[in-house]
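If you want the building blocks of each chain, they are given just below.
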Amino acid sequence: MAKAKKNDKELSYTELVARRDELKQKYMDLRFKKVIAHVDNPIELRTMRREIARLNTFIQQKKAAGLDK
């Protein structure tokens, strides 16, 4: 997991946004599955939510640095 965090930090702005959107879609699918049926790993929801928040932080940092083009 620590390796993934470091790789996220090195991504460009557009790659960060694409990764965040992909994770958001997976998170919504997992939430829907949780409501309808049983989820094998409920901790995965929390992990995804935190990873999305971490990506949002990196995106905001890139915006502040003017690298959002």
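For the structure, see preceding data.
A short tour of the structure in this document, coming up. In this text, all values refer to a predicted model and were calculated from it rather than measured experimentally. Counting restarts for each chain: residues are numbered from 1 in the order of the written sequence. Residue-level local features of this predicted model are given only where pLDDT is at least 70; pairs of side-chain atoms are given and counted only at 80 or more, and the full residue set underlies all totals for whole chains, interfaces and linings. By convention in this description, side-chain values take in all heavy atoms of the structure and omit both hydrogens and water.

## Some words on the overall build of the protein
Point 1. A helix here means a DSSP run of H or I that spans at least four residues, while a strand means a run of E at least two residues long, and both kinds are numbered starting from the N terminus. The helix and strand tally for the protein stands at three helices and zero strands.
Point 2. Its helices and strands in sequence order give the protein the pattern α-α-α, from N to C terminus.
Point 3. Pairs of residues are marked as contacts when any of their non-hydrogen atoms sit within 4.5 Å. Of the contacts made within the protein by residues no fewer than 6 positions apart, 68% connect residues no fewer than 24 positions apart.
Point 4. The method behind every accessible area is Shrake-Rupley, applied with a 1.4 Å probe, and residues are considered shielded solely by the protein chains displayed. Of the roughly 5,200 Å² of accessible surface on the protein, 53% is carried by carbon and sulfur atoms.

## Re a nonpolar patch on the surface
Point 1. Residues with no salt bridge and a relative accessible area higher than 30% make up the patches, which join like charges within 9 Å and nonpolar side chains (Val, Leu, Ile, Met, Phe, Trp, Tyr) within 5 Å. We count a salt bridge whenever a side-chain nitrogen from Lys or Arg sits within 4 Å of a carboxyl oxygen from Asp or Glu. A cluster of nonpolar side chains, contributed by Phe32, Val35 and Ile36, occupies part of the molecular surface with about 370 Å² of accessible area.
Point 2. Here Ile36 is to be found in helix H2 (residues 13-36).

## Quick word on helix H3 (residues 43-65)
Point 1. In a regular helix each residue adds 1.5 Å, so 23 residues correspond to 33 Å; H3 covers 34 Å between its end C-alpha atoms and thus fits that length.
Point 2. Those residues of H3 lying buried are Leu45, Met48, Glu51, Ile52, Leu55, Phe58, Ile59 and Lys62.
Point 3. Residue Gly66 follows H3 closely and has a positive phi angle near 80 degrees. Under the convention used throughout, the expected extent of a helix is 1.5 Å for every residue step, that is, one less than its residue count. Relative accessible area decides the class of each residue, using a 1.4 Å probe on protein chains only: under 20% of the type maximum gives buried, over 50% gives exposed, and in between gives partly exposed.

## Brief notes about the environment of Arg31
Point 1. Looking at the secondary structure, you find Arg31 in helix H2.
Point 2. A C-alpha to C-alpha distance of 7.5 Å links Arg31 and Leu45, two positions 14 residues apart in sequence.

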